[in-house]
Protein chains: 2
Amino acid sequence: MITNMESINNKLLSKNVRPTYQRMKILEYLEKNQNHPTVDMIYRYLLKEIPTISKTTVYNTLTMLFEKGLVSCLNITGTESRFDCYTGNHHHFLCEKCGNIIDLDVKCPIADKKKFQGHVIKELHGYFKGICKKCLENQK
Amino acid sequence: MITNMESINNKLLSKNVRPTYQRMKILEYLEKNQNHPTVDMIYRYLLKEIPTISKTTVYNTLTMLFEKGLVSCLNITGTESRFDCYTGNHHHFLCEKCGNIIDLDVKCPIADKKKFQGHVIKELHGYFKGICKKCLENQK
DNA sequence: TCCATATTTGTAATCATTACAATTATGTAT
DNA sequence: ATACATAATTGTAATGATTACAAATATGGA
Ligand SMILES: [Mn+2]
Ligand SMILES: [Mn+2]
Ligand SMILES: [Zn+2]
Ligand SMILES: [Zn+2]
């Protein structure tokens, strides 16, 4: 996937979202930083490029992008939301040592089902917690 | 599983936790109310039986019980922690209509693995969100 | 009974998130 | 181009869950 302003622009337009500078930059950040950032991480970075940006705008934009299906929102840490521009079906691993969140390719047996045991499924989250490969190697 | 004070007592003792009245009551509540209550739900109920109980005690106790492996902690809603005395491997469904959290028996392909792609796995959370069977029937 | 220690309690602080109103930017009709 | 209604952004205050911390209380063993 190529990250350029043109594609980001089209992505927003395809969902009838006005491609404002703030929205473009937030989406650009997410595409360039696929480490599942927090609102604050996005905000603090964008502050350099857009000194007037408000954290409320970051919150509002991410909520809206989520509702439009352009980003996904994780609550794996339990303390703050994490955002991911990759909306395809995948799972996540949280390292309790370094705090990194890693994408996992796990085949969930009911991943593509619209219904399960009578319940309509709209979202699916697979969260794993433990110690990541890199941290295990470092402590050897 | 029978919920009586004797078994709760033993459960705590087996983890070298002093079975105080507050701890027993919190664990008893969880065993009798398997609807994944919040801290506040537990606190407000126990207030009737233990008028002097502090919400801090509920927090401290649940954190301790979790660390001892006697309860599990869910962050499915994103706004507050939910607790579950059933620590066996199972997944959860959150209904965005009624807010209920339902146990799901989903076979995760890596449920019993200690390691996955080099990462040591200590916790596994499967969260599904949508509209539950009961709410679907009601709106027909 | 005495005492060191564990537990509980109450209050204040923290931190993420939301509410809300004021300001600013934008698209469209004139 | 101008005016205006509307959308978007901003700043600040409020909310709510959780944590920090110190004082009060309870407990088990000497
Ligand atoms: Mn991801
Ligand atoms: Mn459960
Ligand atoms: Zn790590
Ligand atoms: Zn429901």
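Above this text you will find the structure in question.
About the cut-offs
- Residues numbered from 1 in each chain as written.
- Chains lettered and ligands numbered in written order.
- Predicted model: local features only at pLDDT ≥ 70, side-chain atom pairs only at ≥ 80, totals over all residues.
- Heavy atoms only, no water.
- Donors = N, O, S within 2.8 Å, 3.2 Å for Na, K, Ca; no water.
- Helix = DSSP H or I, 4+ residues; strand = E, 2+ residues; numbered from the N terminus.
- Buried < 20%, exposed > 50% of the residue type's maximum accessible area, 1.4 Å probe, protein only.
- Contact = heavy atoms within 4.5 Å.
- Buried area = accessible area lost by both parts, 1.4 Å probe.
- Salt bridge = Lys/Arg side-chain N within 4 Å of Asp/Glu carboxyl O.
- Polar contact = N/O pair within 3.5 Å; in protein donor to acceptor, adjacent residues only side chain to side chain.
- Pairing = 2+ DSSP bridges.
- Least-squares fit on C-alpha atoms with pLDDT ≥ 70 in both.
- Expected span 1.5 Å × (residues − 1).
- Near = heavy atom within 4 Å.
- Nonpolar A, V, L, I, M, F, W, Y, C, P; charged D, E, K, R; others polar.

1. Concerning the coordination of the manganese ion (ligand 2)
All names here are of chain B. In the first shell of the manganese ion (ligand 2), the protein supplies His36 (NE2), Asp84 (OD), His90 (NE2), His92 (NE2) and Asp103 (OD), at 2.0 to 2.2 Å from the metal. Counting along the primary sequence, the residues that act as donors to the manganese ion (ligand 2) give the motif H-x47-D-x5-H-x1-H-x10-D. Here histidine 36 is found in the loop between helix H2 (21-32) and helix H3 (39-49), whereas its partner histidine 90 is found in the loop between strand E2 (82-84) and strand E3 (91-95), with 54 residues between them in sequence. Take histidine 90: its relative accessible area is 9%, and that puts it in the buried class.

2. Considerations on the interface of chain B and chain A
With 32 residues of chain B in contact, the opposing surface of chain A contributes 32 residues. Summing the contributions of chain B and of chain A, the shared interface buries around 2700 Å²; its carbon and sulfur component is 63%. The tally of links from chain B across to chain A stands at two salt bridges. When the shortest N-O distance is used, the salt bridge between glutamate 96 of chain A and lysine 122 of chain B registers 2.8 Å. Summed over the shared surface of chain B and chain A, the result is twelve residue pairs in polar contact (both at pLDDT 80 or more). Mapped by element, the contributors of at least two residues to the side of chain B that touches chain A are strand E4 (101-104), strand E5 (115-116), strand E6 (119-131) and helix H5 (133-138) of chain B. In terms of residue count, the dominant contributor to the side of chain B that touches chain A is E6 of chain B (13 residues). Examined bridge by bridge, strand E6 (residues 119-131) of chain A and E6 of chain B share eleven bridges and lie antiparallel to one another. Looking at E6 of chain B, one finds that phenylalanine 128 of chain A is bridged to leucine 124 of chain B.

3. Side note on the relation of the copies chain B and chain A
Structural alignment of chain B on chain A gives an RMSD of 0.0 Å, achieved by rotating through 180° and translating 0.0 Å along the axis. Accordingly, the operation relating the two chain copies is best matched by a two-fold axis. Considering only C-alpha atoms, the residue of chain B closest to the rotation axis is glycine 126 of chain B, which sits at 2.4 Å. Taken as a fraction of all interface residues of chain B, those also at the interface in chain A reach 100%, which identifies the copy contact as same-surface.

4. Quick notes on the pairing of strand E4 (residues 101-104) of chain A
Residue and element names in this part refer to chain A. Direction of pairing for strand E3 (residues 91-95) relative to E4: antiparallel, over a ladder of four bridges. Paired with histidine 91 across the two strands is leucine 104, which belongs to E4. In sequence, E3 turns back onto E4 through a hairpin of five residues, with glycine 99 there showing a positive phi of about 80°.

5. Section: helix H2 (residues 21-32) of chain A
For H2 of chain A, which comprises twelve residues, the first-to-last C-alpha distance of 16 Å matches the rise-based estimate of 16 Å (1.5 Å per residue) to within 8%. Of all the residues in H2 of chain A, the buried ones are Met24, Lys25, Ile26, Leu27, Glu28, Tyr29, Leu30 and Glu31 of chain A.

6. A look at the protein's contact with DNA strand C
Lining the immediate environment of DNA strand C, one finds 16 residues, of which Tyr59 and Ser81 of chain A together with Thr20, Arg23 and Thr57 of chain B sit closest. Backbone sugar and phosphate groups make up 75% of those atoms of DNA strand C lying within 4 Å of the protein. The contact in question runs from a phosphate oxygen of DNA strand C to an N or O atom on the side chain of threonine 57 of chain B, over 2.9 Å. Counting residues per element, the ones that place at least two in the surface near DNA strand C are helix H4 (55-67) of chain A together with H2 and helix H4 (55-67) of chain B. No other element matches the three residues that H4 of chain B contributes to the surface near DNA strand C.

7. A word on the protein's contact with DNA strand D
Taken together, 16 residues are adjacent to DNA strand D, and Thr20, Gln22 and Thr57 of chain A together with Tyr59 and Ser81 of chain B come closest. Near-protein atoms of DNA strand D (within 4 Å) split between backbone and bases, with sugar and phosphate holding 76%. Within the side chain of threonine 20 of chain A, a nitrogen or oxygen atom sits 2.5 Å from a phosphate oxygen of DNA strand D. Within the contact set of DNA strand D, a sugar or linking oxygen lies 3.0 Å away from a side-chain nitrogen or oxygen of glutamine 22 of chain A. Looking at the surface near DNA strand D, the elements that each hand over two or more residues are H2 and H4 of chain A together with H4 of chain B. Across the surface near DNA strand D, the residue classes tally to two nonpolar, ten polar and four charged.

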